[in-house]
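Overview (structure and organization)
Given next are the chains, with one letter for each unit.
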Amino acid sequence: MDLKKSGDGGWSPYLAGALVGLLAIFSAYATTTWLGKTSYLGASTTFVRGAGLMVQQVAPEHVQANEYFVKEKVRVDWQFMLVLGIFVGSFIASATDKSFKLEAVPPVWEKHFGPSVGKRAAGAFFGGIVAMVGARMADGCPSGHGLSGMMQLSVSALVALTMFFAVGIIVAAFVYGRKQ
Amino acid sequence: MGTDEILGLVTGILFGFLLQKGRVLRFDKQVGAMLLKDMTILKFMLSAIVVGMVGVALLSGAGVITLSHKPMNVGAILVGGALFGAGWAVMGFCPGTSVGALGEGRWHAIFAIAGMLAGAAIYAELYPVFKSTVLAWADLGKIGLPEVLGVSPWVVIAVFIPVVLALFRWFERKGL
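So, here's what we can say about the structure. Since we're looking at a predicted model, the values are computed, not measured.

Reading the values: rules and limits
- Residues numbered from 1 in each chain as written.
- Chains lettered and ligands numbered in written order.
- Predicted model: local features only at pLDDT ≥ 70, side-chain atom pairs only at ≥ 80, totals over all residues.
- Helix = DSSP H or I, 4+ residues; strand = E, 2+ residues; numbered from the N terminus.
- Buried ≥ 20, exposed ≤ 12 C-beta atoms within 10 Å, placed from the backbone.
- Contact = placed C-beta atoms within 7 Å.
- Nonpolar A, V, L, I, M, F, W, Y, C, P; charged D, E, K, R; others polar.

**Digging into the overall build of chain A**
For chain A, the helix and strand inventory stands at nine helices and zero strands. Put simply, chain A runs from its N terminus to its C terminus through helices and strands in the order α-α-α-α-α-α-α-α-α. Each principal axis of the C-alpha distribution contributes one length, and for chain A these read about 50 × 40 × 35 Å. Within chain A, buried positions represent 58% of all 180 residues. Taking as baseline every contact in chain A between residues at least 6 positions apart, the subset at least 24 positions apart corresponds to 44%.

What follows is the structure in structure tokens.
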């Protein structure tokens with residue numbers, strides 16, 4: 001096997017993953033040193049803040065009165081910028097190696113459900129609702145639990161990651177497993 | 001922008017760059033892993049975890065950084081984890097990768113992002129209900145595997161790494 005290449009012009013997932021490990025260590029060190037508190041890579045809390053910022057536009061008093069929004073503090077912070085950074089970094093990487101591609105429906109989805117953008121939109125939207133309710137309940141996603149929690153050897157991360165994949169495998173088998 | 005915002009942005013750009021280079025942002029890779037056909041995202045995640053756990057153990061052992069375990073709230077982790085897994089399979093992205101997928105032109109990720117923003121707002125509305133039910137079942141607190149097993153983190157790491165390497169060898173042999 002080639003440890004440096006992925007076969008589709010990208011890097012080996014082993015190499016890219018190991019570099020993310022180094023980035024996570026650097027990030028834990030940098031946040032402790034410069035911000036005074038160790039922060040670990042994560043993404044799902046930002047969706048709470050993003051939703052809070054949007055609701056605030058129409059009903060600011062509602063956000064101020066909501067226990068969960070108050071608890072998670074609706075504001076642009078370190079993680080919020082990290083999530084925006086993921087967008088920028090991915091754009092830079094894909095634009096410079098010509099893997100940027102405008103895609104309306106992912107190939108595997110199209111194979112099972114056809115080229116309808118509406119169907120994909122509905123699946124992604126409702127899947128997104130269920131996934132985010134779950135991520136907030138579990139207090140983390142594959143970044144917060146899967147990477148950061150596992151690196152710290154957290155019990156919650158091990159159980160959460162197992163649940164993510166175990167249920168994901170079962171549901172994926174139902175949704176995409178049918179014979180063509 | 002303050003220091004925290006600049007640091008977050010720079011870290012995020014590097015994270016997004018590596019996620020894209022590892023080709024793990026794609027719907028097909030995420031669903032491929034759940035269909036047990038393409039283990040790219042597991043190779044990526046486990047490589048990051050193995051490297052990261054050594055560095056985190058070194059730095060926290062030296063007192064440079066502090067650990068921040070998320071609580072092992074039984075109902076929250078089991079029910080929340082199951083809901084996430086189910087939604088993830090249909091959506092084909094996780095929160096971090098959805099934003100990255102949009103960055104590499106897969107614009108259908110916008111529907112996933114919209115759904116997740118809606119999901120976050122719904123969770124905020126239902127939080128009092130969850131707090132008195134699922135979240136109230138049993139909370140084992142912020143615990144780490146080493147404390148539970150009564151061993152040093154290095155023992156856990158020394159067991160974890162060979163298991164992961166054996167798994168990698170198996171993936172490569174099977175062409176996953």
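Having seen the structure, we can now continue with the description.
**Topic: the interface of chain A and chain B**
On the chain B side, the residues contacting the 120 residues of chain A number 105 residues. Among the secondary structure elements, those contributing two or more residues to the side of chain A that touches chain B are helix H1 (13-35), helix H2 (44-58), helix H4 (67-72), helix H5 (78-96), helix H6 (107-113), helix H7 (117-138), helix H8 (142-151) and helix H9 (155-176) of chain A. If you tally residues by element for the side of chain A that touches chain B, the top one is H1 of chain A, at 20 residues. In the side of chain A that touches chain B, the residues fall into 81 nonpolar, 31 polar and eight charged.

**Describing unusual backbone geometry**
All names here are of chain B. Phi is positive for Arg23, close to 60°, though the residue is something other than glycine. Relative to the helices and strands, Arg23 resides in the loop between helix H1 (3-21) and helix H2 (27-34). Residue classification places Arg23 among the buried residues on the basis of 25 C-beta atoms within 10 Å. Residue Leu36 is not a glycine yet carries a positive backbone phi of 60°. Tracing the backbone shows Leu36 in the loop between H2 and helix H3 (40-61). For Leu36, a count of 14 C-beta atoms within 10 Å corresponds to the partly exposed category.

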